[in-house]
Amino acid sequence: MALATFPLFLAATPLFSPATAQQARPPAFAVCAGCHSTQVGKTAFGPSLHGVSGRRAGTLAGYAYSPALKASGLTWNAKTLDRWLTDPRKTVPGTKMPFNGIQERKAREQVVTYLLTL
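On a predicted model such as this, the values are computed, not experimentally measured, just so you know.

Asks: How do you make sense of the layout of surface pockets when you look at a structure like this?
Replies: A water-sized probe rolled over the atoms picks out the places where empty space is left. In this model, the largest pocket occupies a volume close to 480 Å³. If you go around the largest pocket, you meet 28 residues; those closest to its centre are His36, Pro47, Leu49, Trp84 and Met97. Of all the elements in the fold, those that place two or more residues in the lining of the largest pocket are helix H2 (30–33) and helix H4 (78–86).

Set out below in structure tokens:
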């Protein structure tokens, strides 16, 4: 009897937890995708955003970060990404990122949530 119910258990059990499963790319990420890749090791105009969660700002090998970002002391998490995406130049004066931020809170939250799953 237990074996007969096992396939039902598997069908109802997600393979990935919601905390680690990659979220769908939100529409507001389009402004980021113009300069950033989400693929491992693929640097474009900006560094790859793959694995950004928990990474210290300015440390991804192979990208020439501004001295200001390298010295910022930031580690990317929900709070720091939200602050950064609100106003990068205010968060890290001297950054070379030419981006004015995402002012709409809900859109910014969606991008942060997405970035944390990469």
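Next, the rest of the story.
Asks: Is there a simple way to think about the nonpolar core in this case?
Replies: Nonpolar side chains tend to gather and get buried jointly when the protein is soluble and globular. Of all hydrophobic cores here, the largest spans 23 residues; its most connected members are Phe29, Leu69, Trp76, Trp84, Leu85, Val111 and Leu115. For this core, the secondary-structure elements that each account for two or more residues are H4 and helix H6 (105–115). Residue contacts for Trp76: discarding those within four places in its chain leaves Val52, Ser53, Gly54, Arg55, Arg56, Ala57, Leu69, Leu81 and Trp84.

Asks: How do you make sense of the environment of Ala78 when you look at a structure like this?
Replies: Along the polypeptide, Ala78 turns up in helix H4. Not counting the four nearest positions on each side in its chain, Ala78 is found in contact with Val112 and Leu116.

Asks: What is the right way to look at the side chain of Arg55 in this model?
Replies: Relative to the assigned elements, Arg55 resides in the loop between H2 and helix H3 (67–70). Put simply, Arg55 is tucked away with no salt bridge, and the nearest opposite charge, on Asp82, sits 18 Å away. Excluding residues that lie within four positions of it along the chain, Arg55 makes contacts with Ser48, Leu49, His50, Leu60, Leu74, Thr75 and Trp76.

Asks: Would you mind going over the pattern of salt bridges with me for this structure?
Replies: It is possible for side chains of opposite charge to pair when their charged atoms get near one another. Summed over all chains, the structure comprises two salt bridges. Of the charged contacts in the structure, one is a salt bridge between Asp82 and Arg108, with a shortest N-O distance of 2.7 Å. Taken as a pair, Asp82 in helix H4 and Arg108 in helix H6 lie far apart in primary sequence, 26 residues in all. Put simply, Arg105 and Glu109 hold a salt bridge, and the shortest N to O gap is 2.7 Å.

What counts and what doesn't
- Residues numbered from 1 in each chain as written.
- Predicted model: local features only at pLDDT ≥ 70, side-chain atom pairs only at ≥ 80, totals over all residues.
- Heavy atoms only, no water.
- 1 Å grid on protein atoms, 1.4 Å probe; cavity = no way out; pocket = protein on both sides within 12 Å on 5 of 7 lines; lining within 4 Å.
- Points joined across faces, edges and corners; volume = space filled by probe spheres on them.
- Helix = DSSP H or I, 4+ residues; strand = E, 2+ residues; numbered from the N terminus.
- Core = buried A, V, L, I, M, F, W, Y, C linked by side-chain atoms within 4.5 Å.
- Buried < 20%, exposed > 50% of the residue type's maximum accessible area, 1.4 Å probe, protein only.
- Contact = heavy atoms within 4.5 Å.
- Lys, Arg positive; Asp, Glu negative; His and termini not counted.
- Salt bridge = Lys/Arg side-chain N within 4 Å of Asp/Glu carboxyl O.

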